[in-house]
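Descriptive analysis of the structure
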Protein chains: 2
Amino acid sequence: MKITCLQENLKYSLNIAQNIIGRNLTLPILNNILLDTEDGRLKISSTNLEIGINTWTSGKIEKKGAITCPAKVLASFVNNLPNKKIEIEVKNNNLTLKCDNYKASLNCLSAEDFPIIPKIDEKPLIEIKNNILREALLGVVGSASLSESRPEITGVLFKFEKGELRLAATDSFRLAEKVIFEISKGSSESRSLIVPQKTIQEIVRVLAEKEGETKICLGVGQILFDMGDTQIISRLIEGQYPDYQQIIPKAFSTQVVLDRGELLSIIRAAAVFSNKTNNIKVFINDGDFEVLSQDPDLGENKSQIKTEVKGKKIEMNFNYRYLLDGLANIGTKQVFIGLNSDASPAVFKPAGDDSYVYLVMPIKSN
Amino acid sequence: MKITCLQENLKYSLNIAQNIIGRNLTLPILNNILLDTEDGRLKISSTNLEIGINTWTSGKIEKKGAITCPAKVLASFVNNLPNKKIEIEVKNNNLTLKCDNYKASLNCLSAEDFPIIPKIDEKPLIEIKNNILREALLGVVGSASLSESRPEITGVLFKFEKGELRLAATDSFRLAEKVIFEISKGSSESRSLIVPQKTIQEIVRVLAEKEGETKICLGVGQILFDMGDTQIISRLIEGQYPDYQQIIPKAFSTQVVLDRGELLSIIRAAAVFSNKTNNIKVFINDGDFEVLSQDPDLGENKSQIKTEVKGKKIEMNFNYRYLLDGLANIGTKQVFIGLNSDASPAVFKPAGDDSYVYLVMPIKSN
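Rules of the game
- Residues numbered from 1 in each chain as written.
- Chains lettered and ligands numbered in written order.
- Predicted model: local features only at pLDDT ≥ 70, side-chain atom pairs only at ≥ 80, totals over all residues.
- Heavy atoms only, no water.
- Least-squares fit on C-alpha atoms with pLDDT ≥ 70 in both.
- Contact = heavy atoms within 4.5 Å.
- Buried < 20%, exposed > 50% of the residue type's maximum accessible area, 1.4 Å probe, protein only.
- Helix = DSSP H or I, 4+ residues; strand = E, 2+ residues; numbered from the N terminus.
- Arc of directions from axis to C-beta.
- Polar contact = N/O pair within 3.5 Å; in protein donor to acceptor, adjacent residues only side chain to side chain.
- Pairing = 2+ DSSP bridges.
- Axes fitted to C-alpha atoms, helices over the stretch in contact; angles between N-to-C directions.
- pLDDT = per-residue confidence, 0-100.
- Buried area = accessible area lost by both parts, 1.4 Å probe.
- Salt bridge = Lys/Arg side-chain N within 4 Å of Asp/Glu carboxyl O.
- Nonpolar A, V, L, I, M, F, W, Y, C, P; charged D, E, K, R; others polar.
- Parallel < 35°, antiparallel > 145°, perpendicular 65-115°, else oblique.
- Left-handed = near helix turned anticlockwise from the far one by under 90°.
- Phe/Tyr/Trp six-rings, centres within 6.5 Å; stacked < 30°, edge-to-face > 60°.
- Core = buried A, V, L, I, M, F, W, Y, C linked by side-chain atoms within 4.5 Å.
- Domains from an automatic or database assignment.

The next thing to look at is the relation of the copies chain A and chain B. Mapping chain A onto chain B calls for a screw motion: a turn of 180 degrees about the axis and a shift of 0.0 Å along it, with 0.0 Å RMSD after fitting. The transformation relating the two chain copies, once decomposed into turn and shift, fits a two-fold axis. By residue overlap, the copies meet face to face through one surface: 100% of the interface positions of chain A are interface positions in chain B.

Looking now at helix α6 (residues 320–328) of chain A. Residue and element names in this part refer to chain A. If you check which residues of α6 are buried, you get Tyr320, Tyr322, Leu323, Gly326 and Leu327. In a view along the axis of α6, the buried residues occupy a sector of 160 degrees, so they form one face of it. The backbone nitrogen of Arg321 lies 2.9 Å from a side-chain oxygen of the residue at the head of α6, namely Asn319.

Residues and elements named next belong to chain A. Here Ser45 lies in strand β3 (residues 41–47). Take Ser45: its relative accessible area is 2%, and that puts it in the buried class. A polar side-chain atom of Ser45 sits 2.8 Å from a polar atom in the side chain of Asn54. Leaving out residues up to four positions away in the same chain, Ser45 has contacts with Ile33, Leu34, Ile53, Asn54, Phe114 and Ile117.

This brings us to the sheet that holds strand β7 (residues 85–91) of chain B. What the 9 strands build is an open sheet, ordered β25(A)-β21(A)-β22(A)-β23(A)-β9(B)-β8(B)-β7(B)-β1(B)-β5(B); its pairing is antiparallel. Looking at the sheet topology across the chains shown, the edges are occupied by β25 (314–319) of chain A together with β5 (60–63) of chain B. Within this sheet the neighbouring strands show an average axis-to-axis angle of 15 degrees, counted without direction. Where strand β21 (residues 279–285) of chain A meets strand β22 (residues 288–295) of chain A, 5 bridges bridge the pair, whose relative direction is antiparallel. Across the sheet, residue Lys281(A) finds its bridge partner in β22(A), namely Leu292(A).

Residue placement: Ser105(B) occurs in strand β9 (residues 102–107). On the accessibility criterion, Ser105(B) (16% relative accessible area) is buried.

With 100% of its residues at a pLDDT of 70 or more, chain A shows a mean pLDDT of 95. Interface confidence for the predicted complex, given as ipTM, is 0.88, next to a pTM of 0.92.

Turning to the interface of chain A and chain B, a few remarks are in order. One frequent convention defines the size of an interface as the accessible area lost when the parts assemble. Tallying the contact residues gives 30 residues for chain A and 30 residues for chain B. For the pair chain A and chain B, the two sides together bury roughly 2,400 Å², of which 55% comes from carbon and sulfur. Looking only at chain A, the three residues that lose the most surface to chain B are Asn80(A), Asn101(A) and Leu298(A), adding up to 21% of its buried area. There are 0 salt bridges connecting chain A and chain B. Counting every contact that joins chain A to chain B gives 13 residue pairs in polar contact (both at pLDDT 80 or more). Listed by contribution, the elements that provide at least two residues to the side of chain A that touches chain B are α2 (71–79), β9 (102–107), α5 (260–271) and β23 (299–306) of chain A. Sort the elements by how many residues they give to the side of chain A that touches chain B and β23(A) lands first, with 7 residues. Its residues placed into classes, the side of chain A that touches chain B shows 13 nonpolar, 10 polar and 7 charged.

Here we come to the sheet that holds strand β1 (residues 2–6) of chain A. Taken together, 9 strands build an open sheet; the order of strands is β5(A)-β1(A)-β7(A)-β8(A)-β9(A)-β23(B)-β22(B)-β21(B)-β25(B) and the sheet is antiparallel. Of all strands in the sheet, those with a lone pairing partner are β5 (60–63) of chain A together with β25 (314–319) of chain B, marking the two edges. Taking each pair of neighbouring strands and ignoring which way they run, the sheet shows an average axis angle of 15 degrees. As paired elements, strand β8 (residues 94–99) of chain A and β9(A) share 6 bridges and run antiparallel to each other. The residue of β9(A) that forms the bridge with Leu97(A) is Ala104(A). Together, β9 of chain A together with β21 (279–285), β22 (288–295) and β23 (299–306) of chain B form the strand contacts of helix α5 (residues 260–271) of chain B, whose direction differs from that of β23(B) by roughly 170 degrees. Helix α6 (residues 320–328) of chain B rests against β21 and β25 of chain B of the sheet, and its axis sits at about 85 degrees to β25(B).

Right, let's talk about the packing of helix α3 (residues 130–141) of chain A against helix α4 (residues 197–207) of chain A for a bit. Residue and element names in this part refer to chain A. Contact pair α3 / α4: the axes reach a minimum separation of 10 Å and the direction vectors enclose 140 degrees. The angle between α3 and α4 places the two elements in the oblique class. In this structure, α3 crosses over α4, and the sense of that crossing is left-handed. Contact residues: α3 offers Asn130, Leu133, Arg134, Leu137, Leu138 and Val141, while α4 offers Gln197, Ile200, Gln201, Ile203, Val204 and Leu207. Its residues assigned to classes, the contact of α3 with α4 shows 8 nonpolar, 3 polar and 1 charged.

So, on to the packing of aromatic side chains. Residues and elements named next belong to chain A. Applying the stated criterion across every chain yields a total of 12 aromatic pairs over all chains. Summarising the aromatic geometry, the rings of Phe173 and Tyr322 are spaced 5.9 Å apart at their centres and angled 15 degrees between planes, so their arrangement reads as stacked. Placement of Phe173 in the loop between β13 (164–170) and β14 (174–180) and of Tyr322 in helix α6 is noted, with a sequence separation of 149 residues between them. You can call Phe173 partly exposed: its relative accessible area is 46%.

This part takes up the pairing of strand β17 (residues 213–218) of chain B. Residues and elements named next belong to chain B. Across 4 bridges, strand β11 (residues 126–129) lies against β17 in antiparallel orientation. Bridge pairing links Glu127 to Lys215 in β17. Sheet topology places β17 next to strand β18 (residues 222–226); 4 bridges connect them, and they run antiparallel. Bridging across to β18, Lys215 finds its partner in Asp226. Counting the residues in the hairpin turn of β17 and β18 gives 3 residues, including Gly221, whose phi is positive at 70 degrees.

As a further point, take unusual backbone geometry. Residues and elements named next belong to chain A. The backbone of Ser172 shows a phi angle near 75 degrees, a positive value even though the residue is not glycine. For Ser172, the position within the fold is in the loop between β13 and β14. On the basis of relative accessible area, Ser172 is assigned to the partly exposed category, the value being 45%. Phi angles above zero are rare outside glycine, and Asn278 is one such case at about 65 degrees. For Asn278, the position within the fold is in the loop between α5 and β21.

Attention shifts here to the nonpolar core. Formed by 203 residues in total, the largest nonpolar core has its most connected members in Phe158(A), Phe289(A), Phe158(B) and Phe289(B). The contacts of Phe289(B), once residues within four sequence positions are left out, are Val256(B), Leu258(B), Leu263(B), Ile266(B), Val282(B), Phe283(B), Ile284(B), Ser303(B), Gln304(B), Ile305(B), Thr307(B) and Ile337(B).

This next bit is on the pairing of strand β6 (residues 66–70) of chain A. Residues and elements named next belong to chain A. Among the 5 residues in β6, 4 count as buried, and that is most of the element. One ladder, built from 5 bridges, connects strand β2 (residues 32–38) with β6; its direction is antiparallel. If you follow Asp36 over to β6, its bridge partner there is Ala66.

This next bit is on the domain arrangement of chain A. Residues and elements named next belong to chain A. Domain parsing of chain A yields domain 1 (2–113), domain 2 (126–245) and domain 3 (248–360). Using only C-alpha atoms to locate each centre, domain 2 and domain 3 end up separated by 28 Å. The partner domain 3 presents 12 residues to the 14 residues of domain 2 that form the contact. Approximately 1,100 Å² of surface area, both sides summed, lies buried where domain 2 meets domain 3, with 48% of it carried by carbon and sulfur atoms. Among the residues domain 2 hides against domain 3, the three largest losses belong to Arg174, Leu175 and Glu177. Together they make up 43% of the total. The tally of links from domain 2 across to domain 3 stands at 1 salt bridge. In this assembly, domain 2 and domain 3 are joined by 9 residue pairs in polar contact (both at pLDDT 80 or more). Secondary structure elements with two or more residues in the side of domain 2 that touches domain 3: α3 and β14. The biggest single contributor to the side of domain 2 that touches domain 3 is β14, with 6 residues. Within the side of domain 2 that touches domain 3, the residues separate by chemical class into 7 nonpolar, 3 polar and 4 charged.

In structure tokens form, the structure reads like this:
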């Protein structure tokens, strides 16, 4: 194997591939990446047995071949090089890399020992613009559960239905749902599946500043996100996603629309006095949205926003962290809040946009 | 006590004062700051019994008084407020704070219980421009020892002599020395004292973007850094600072001047292959400055800079972290390196500037 490529291109591709690689002591080859020549390009692959990444970069292939070498070492070394031509040559399980006045030699393992990353040759189920997909995933991924006690809610629900894609995530304390209507190409097939949170985080990372479209294809127990020069293949989570839609209220006895920045400020101010329980109180009355918190040792505080309130007055308790998380997912200047009782979920939405909803369960007051 | 001040001013002063406050469980009043009215201004004080900070901010004093309240809570709350007028009122050990639509009430303790921060009324020993003092302290503070086994080298040496100030710090693996010649006002008194590293870090933090001059005054076992609207008072470290000057070589058998950026790059590249020992090898020969490293599991690398070398060829081993630390303290484009043998310290200096020197002990080769 002998290839020449630009430092900038190799650095970009290595950084995409190496992120899922940890420190695997039982199966050391998982600390490696696979370098391969394919159709006149360099193909770089990595896997943690749950997620696999393939990414291609342009270069001059002088001699075909394949090898696996330590991912973190190669990526760190290449990151430090000047943006010049890199020559890579492999002989007897040894990779030599030359760039300007830098030279390195890496101990490698045979490409044959590298785990197989599943291939999915099915036709795409759907095609979505990268920026739309990324924004939608960012709005829900943080609400997935981190606890393995209910594996089915540790992932993000993908529900393909009537040419739309519905995404949802919940940890049973809060829930986020986003519907993508802007599908570039799609089948009308109805499917429902659960993608691990870590996979979604990788997709969000790779999609950053990447133009174009992503094709989503399904295999047996696997999903493929094809972003052109990068593919992410992931296992799916088995199980039945909870039927969450029934708990999203459709009508509200109290409604208010607030400036997002002002709301963030008064929640953050209240957070200062809630450092043991994260508990803050929201009190809505005629023309007044108040946030209160208190700590017996420290003191208490109260902040308010004067605003028009539709419906009846209400008092509820929340974990302020869930409120801040939800507001971070809402990009509009105005936020709609809909409430019913101090024991039923509060609804947060971007004002005038019904494609996104964020639900928070209140804390029961004693 | 009743005062009015601007959010921006109060925020700035609280952030200066609260940084030294940790979580003290045995003496809870140390988690508080002291608010006091003095000469028509608000004085904010904090102490951890080793370092004391006094800082003054302008405001309208309607009623004099003094109180202590939880530092972190007050600072976090004020940080979140809009930049508007803040009204503070104290009644019965309770502080009420109002700003726009925000209101808080803090549980306080009596000002009488707050530890006394020592006063130093001596005439200043020296006056130095803030930017010069800050730069000089930054160049040495990172080299002080973190181990308490030899307390006298956990601080920075201040040596006042012949109208100059000589600063030095070492952890016995490396040593940094800076001489400040640009003294605005100073006595010719000779004094030598050791200031704790944490105090120096606080001074560096407070001096950031602060114009003007700092006066240094000495008390009994105490030192005062008077920066105008902020004072830092610290205990001194007792003991005799090692007579380090004898180990700084004055002549070199090998000398080289290198581009700082290129040198940083080749050291960082070598660091990738030294992740168990931090050991890298420097090899200097006719016209060639080489850095090499190897790891039996990963591989090896070699990078070089073509340059003029004065003197004989030499091979030495270093902990690369000490080299990177030293180069971070050198701001010039060119770096001078002077060497004598593989068992004697290497000298790094900004090219053409003899006021700063950074010494690194080599690792003995087997």
